Amino acid sequence: MKINTLSLVVVILMAGISLVCYPLLAAAGEPTDQVRETVDAVVKILSDKELKNPEKEKERRARIRQTIVKRFDFEEMAKRSLAAHWKDQTPAEKKEFVALYTDLLENRYIRGIERYENEKFVYYDERVDGDYAMVKTKIVDKKGLSTPVEYRIQKKKDKWEVYDIVIEGVSLVNNYRTQFAQIIRSSSYNDLVKRLREKVNK
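Every chain begins its residue count from 1, and numbering advances along the sequence as written. Reporting of local features is limited, given that this is a predicted model, to residues whose pLDDT is at least 70; pairs of side-chain atoms are given and counted only at 80 or more, and all residues count toward the totals for whole chains, interfaces and linings. Calculation of side-chain values draws on the structure's entire complement of heavy atoms; hydrogens and water are dropped beforehand.

What's the story with the nonpolar core in this structure? I'm lost.
Grouped burial of nonpolar side chains is what soluble globular proteins tend to show. Formed by 48 residues in total, the largest nonpolar core has its most connected members in I64, M77, F97, Y101, Y151, I153 and L192. Every helix listed is a DSSP run of H or I at least four residues long, and every strand listed is a run of E at least two residues long, numbered separately from the N terminus. The dominant element in this core, judged by the number of residues it contributes, is helix α5 (residues 91–113), at nine residues. In this description, contact between two residues means that some pair of their heavy atoms is separated by no more than 4.5 Å. Ignoring any residue separated from it by four or fewer positions in sequence, one finds I153 in contact with P31, V35, D131, Y132, A133, V135, W160, E161, V162 and Y163. Buried Ala, Val, Leu, Ile, Met, Phe, Trp, Tyr and Cys residues that are joined via side-chain atoms within 4.5 Å together make up what is termed a nonpolar core. Categorising residues by exposure relies on relative accessible area from a 1.4 Å probe, with only protein chains included: less than 20% of the type maximum marks a residue as buried, more than 50% marks it as exposed, and the intermediate range marks it as partly exposed.

Sorry, what's going on with the side chain of E106 here?
Structurally, E106 can be placed in helix α5. Relative accessible area serves as the criterion here: at 3%, E106 is assigned to the buried category. Residue contacts for E106: discarding those within four places in its chain leaves R65, I68, V69 and F74.

Even after reading the chapter, I still don't get the pairing of strand β3 (residues 132–140), so can you show me in this structure?
Side-chain direction in a regular strand flips from residue to residue, so the side chains alternate between the two faces of the sheet. Two strands make a pair as long as DSSP finds a minimum of two bridges between them. In terms of strand pairing, strand β2 (residues 120–129) meets β3 through nine bridges, oriented antiparallel. If you follow K120 over to β3, its bridge partner there is V140. The turn joining β2 and β3, which pair antiparallel and follow one another in sequence, is formed by two residues; a positive phi near 65 degrees is taken by G130. Strand direction decides the pairing type here: β3 and strand β4 (residues 146–156), joined by nine bridges, are antiparallel. Across the sheet, A133 pairs through a bridge with I153, a residue of β4.

Looking at this model, I keep getting lost on unusual backbone geometry. Mind explaining?
A negative phi angle characterises most non-glycine residues, just as the trans form characterises most peptide bonds. Here the phi dihedral of K157 falls at roughly 60 degrees; this positive angle occurs in a residue that is not glycine. Residue position: K157 is located in the loop between β4 and β5 (159–167). A residue is classified by how much of its surface remains accessible, and K157, at 82% relative accessible area, is exposed. Positive phi values are uncommon outside glycine, yet E168 reaches one of about 50 degrees. With respect to the helices and strands, the residue E168 is situated in the loop between β5 and β6 (170–171). Overall, the relative accessible area of 56% leaves E168 in the exposed class.

Mind showing me how you'd approach helix α3 (residues 57–69) here?
Residues spaced three or four apart along an α-helix point in a common direction, a consequence of the helix completing one turn every 3.6 residues. The span one expects for a helix is its residue count, reduced by one, times 1.5 Å. Counted at 1.5 Å a residue, the expected span for α3 with its 13 residues is 18 Å, and the 18 Å between its end C-alpha atoms agrees. Residues of α3 that are buried make contact with α2 (30–46) and α5.

Please clarify how the packing of α5 against helix α6 (residues 172–186) should be interpreted in this entry.
When two helices pack together, their arrangement is given by the angle between their axes and by how far apart the axes lie. Every axis in this analysis is a line fitted to C-alpha atoms, fitted for helices over the stretch in contact. Angles between the N-to-C directions lie between 0 and 180 degrees. Running from amino to carboxyl end, α5 crosses α6 at an angle of 125 degrees, the nearest separation of the two axes being 14 Å. Comparing the axis directions of α5 and α6 gives the class oblique. Relative to α6, the crossing made by α5 is right-handed. The residues of α6 that touch α5, namely those facing F97, Y101, L104, L105 and R108, are L172, V173, Y176 and F180. Taken together, the residues of the contact of α5 with α6 break down into eight nonpolar, no polar and one charged. Any angle from 65 to 115 degrees is called roughly perpendicular, while one under 35 is roughly parallel, one over 145 is roughly antiparallel, and all others are oblique. For any helix crossing, the convention is left-handed if the near helix is rotated counterclockwise from the far helix by under a right angle, and right-handed if that rotation is clockwise. Side-chain classes are defined by residue name, with Ala, Val, Leu, Ile, Met, Phe, Trp, Tyr, Cys and Pro counting as nonpolar, Asp, Glu, Lys and Arg as charged, and the others, Gly among them, as polar.

Looking at this model, I keep getting lost on the environment of D103. Mind explaining?
Looking at where D103 falls in the secondary structure, it is placed in helix α5. Taking the C-alpha atoms as reference points, D103 and K199, separated by 96 residues in sequence, lie 9.4 Å from one another. Ignoring anything within four residues of it in the chain, the contact list for D103 reads R65 and V200.

Given below as structure tokens:
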């Protein structure tokens, strides 16, 4: 299964990447604060000199995984990515799909953020509509070129969770939805699951 490289870039950007974040919002709200909290936690792990040792790789990745799972609503992302095909699956199939989807994104996210550092992560806008919000950011590289990244988040109880990420106008969820639909249409849902297993187990 071909997973567009955009997906990898998107999850890499969620890390914050830089050791210094530059908030531009005069009074950021709760959604931005919670996104920034996750970014700061990941950056702290990445900047821990002890955890940079090769023998600490498993521990480092485990800590990153524990951090991001608190902010990402992987079940919601999986459901939206599978779209109309979600309702056709049994509870057991849904559970397996969410697990594979989570592993896929987490693995790509962790591998990505371990290769990048020192880009600037800028927060510049926040829009809230009830239990839904958008936190707009941009990544500024060493050459000064910026890439807009928007986090779409939903409030569940007292917590804001990411259910989609949009980079330069392209949605991570929509990107996967298109690919998943093509595979199911040309082959089957079982083939999609098989391909996801192969990706996760590489």
